[in-house]
Amino acid sequence: MNIIKVKNYKELSMQAAGIVAAQISRKKNTVLGLPTGQTPLGMYQELIKRFRKGEIDFSQVITFNLDEYYGLSPEHPQSYNYYMWQTFFNNINIKKENVFIPDGVTKDVQKECRYYESLIEKKGGIDLQFLGIGDNGHIGFNEPAIALNSKTHLVNLSQATIEANSRFFNDIEDVPRKALTMGMGTIMKAKQIILLASGMKKAPAIAKTINGKVNTEVPASLLQLHRDVTIIVDKDAARDV
Ligand code: PGA
């Protein structure tokens, strides 16, 4: 694991955006794996800035999102589909047909999950996968458990995640209890992985991810087995490392 410690959130976002820009200039039709949540917002903002300055061209870039709430349609303001278009895609020149996000209102979950996996394969696999990390060590929505799913699947969100994500909803009762998420195998197949973590609340999970034993109760610890992982952490998140 390559660990980059930065001063603060701004620097984390700049570093992350720089990695995306360099990757796209090397390979115009890069396949990106993208997260939602609070952590990547600064990176998306910085990428939009660089796009507006003419420094990045997203016209051939392909993206796959990590996850989507089950039961929320793309128009729902709390859906990850909505988040991605509002915070990022509407502000760059990505083509709609190159954006892939699991369908949270699919009628056939099994089929949707198989389809998502096969699409990733068909597009040549993920070149660069970005991840956030839950306070509980989850990546995507792969929650701590005695066993983890390899492929894209429907997952029951843990109480910790429901509570953590309730900050984005009016009421905790509104937080969906299930989500579609890439599996650990889907994530581990990416050629390169960048995990971003900022703030004191992430410090225990980051310490376990980097220095703990590889175990499914800390899903991010499995990243120790991948040969090209970079963790970008600010001072607060790196407190216990
Ligand atoms: P956050 O979420 O970026 O909003 O902290 C990360 C996650 O839960 O994976």
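This text goes with the structure placed above it.
Owing to the predicted nature of the structure, the values given are computational and were not obtained by experimental measurement.

A. Seen up close, the packing of helix α2 (residues 41–52) against helix α3 (residues 80–87). Where α2 contacts α3, the axes come no closer than 10 Å and their chain directions differ by 35 degrees. Of α3, the residues touching α2 (which contributes Leu41, Tyr44 and Ile48) are Tyr83, Met84 and Thr87. In the contact of α2 with α3, the residues fall into 5 nonpolar, 1 polar and no charged.

B. Representation of the site of the ligand within the structure. For the ligand, the full set of nearby residues is Gly37, Gln38, Thr39, Gly132, Ile133, Gly134, His138, Arg167 and Lys202. Between the ligand and His138 there is a distance of 2.7 Å, counted from an oxygen atom to a side-chain nitrogen or oxygen. Alone, the ligand offers 290 Å² of accessible surface; in the complex the protein occludes 83% of this. Class assignment for the residues of the shell around the ligand results in 1 nonpolar, 6 polar and 2 charged.

C. Here's a closer look at the side chain of Ser221. Mapped onto the secondary structure, Ser221 falls in the loop between α7 (203–211) and β10 (229–234). We classify Ser221 as buried; its relative accessible area is 0%. A polar contact is formed between the side chain of Ser221 and the backbone nitrogen of Asn215, at a distance of 2.9 Å.

D. How the structure looks around the sheet that holds strand β8 (residues 178–181). Strand order in the open sheet made by the 3 strands is β4-β8-β7, with antiparallel pairing throughout. Looking along the sheet, the strands with just one partner apiece sit at the ends: β4 (67–69) and β7 (153–156). Direction aside, the axes of adjacent strands within the sheet are offset by 30 degrees on average. Here β4 runs beside β8; their pairing, made up of 3 bridges, is antiparallel. In the sheet register, Asp67 faces β8, and the bridge partner there is Thr181.

E. Focus on the pairing of strand β9 (residues 192–197). Counted residue by residue, β9 has 6 buried out of 6 residues, so it is predominantly covered. Of the two faces of β9, the one carrying Gln192, Ile194 and Leu196 and the one carrying Ile193, Leu195 and Ala197 are both buried. Here 5 bridges tie β9 to β10, and the two strands are oriented parallel to one another. Bridge pairing in β10 places Leu195 opposite Ile231. Viewed along the sheet, the connection from β9 through α7 into β10 turns out right-handed.

Parameters at a glance
- Each residue is numbered by its place in its chain's sequence as written, counting from 1.
- Note on the predicted model: pLDDT of at least 70 is required for a residue's local features to be given, and 80 or more for side-chain atom pairs to be given and counted; whole-chain, interface and lining totals, by contrast, use all residues.
- Hydrogens and waters are ignored; side-chain quantities use all the structure's heavy atoms.
- To obtain each axis, a line is fitted to C-alpha atoms, and for helices this fit is confined to the stretch in contact; angles are then taken between N-to-C directions over 0 to 180 degrees.
- By definition, any uninterrupted DSSP run of H or I lasting at least four residues is a helix, any uninterrupted run of E lasting at least two residues is a strand, and each is numbered from the N terminus.
- Contacts between residues were defined by any pair of non-hydrogen atoms, one from each residue, lying within 4.5 Å.
- For this scheme, ten residues count as nonpolar: Ala, Val, Leu, Ile, Met, Phe, Trp, Tyr, Cys and Pro. Four count as charged, namely Asp, Glu, Lys and Arg, and the remainder, Gly too, count as polar.
- Nearness of a residue to a molecule or strand requires only that one of the residue's heavy atoms be within 4 Å of it.
- Here a polar contact means two N or O atoms within 3.5 Å. Within protein one must be a hydrogen donor candidate and the other an acceptor candidate, and residues neighboring in sequence count only if both atoms are side-chain atoms.
- Computed with the Shrake-Rupley method and a 1.4 Å probe, the accessible areas treat only the protein chains shown as cover for residues.
- Relative accessibility under 20% of the residue-type maximum defines a buried residue, over 50% an exposed one, and the middle range a partly exposed one, all with a 1.4 Å probe and only protein chains included.
- Should DSSP find at least two bridges between two strands, the strands are regarded as paired.
- We call a crossover right-handed when, viewed with both strands directed away from the observer, the connection leading from the first strand over the helix to the second proceeds clockwise.

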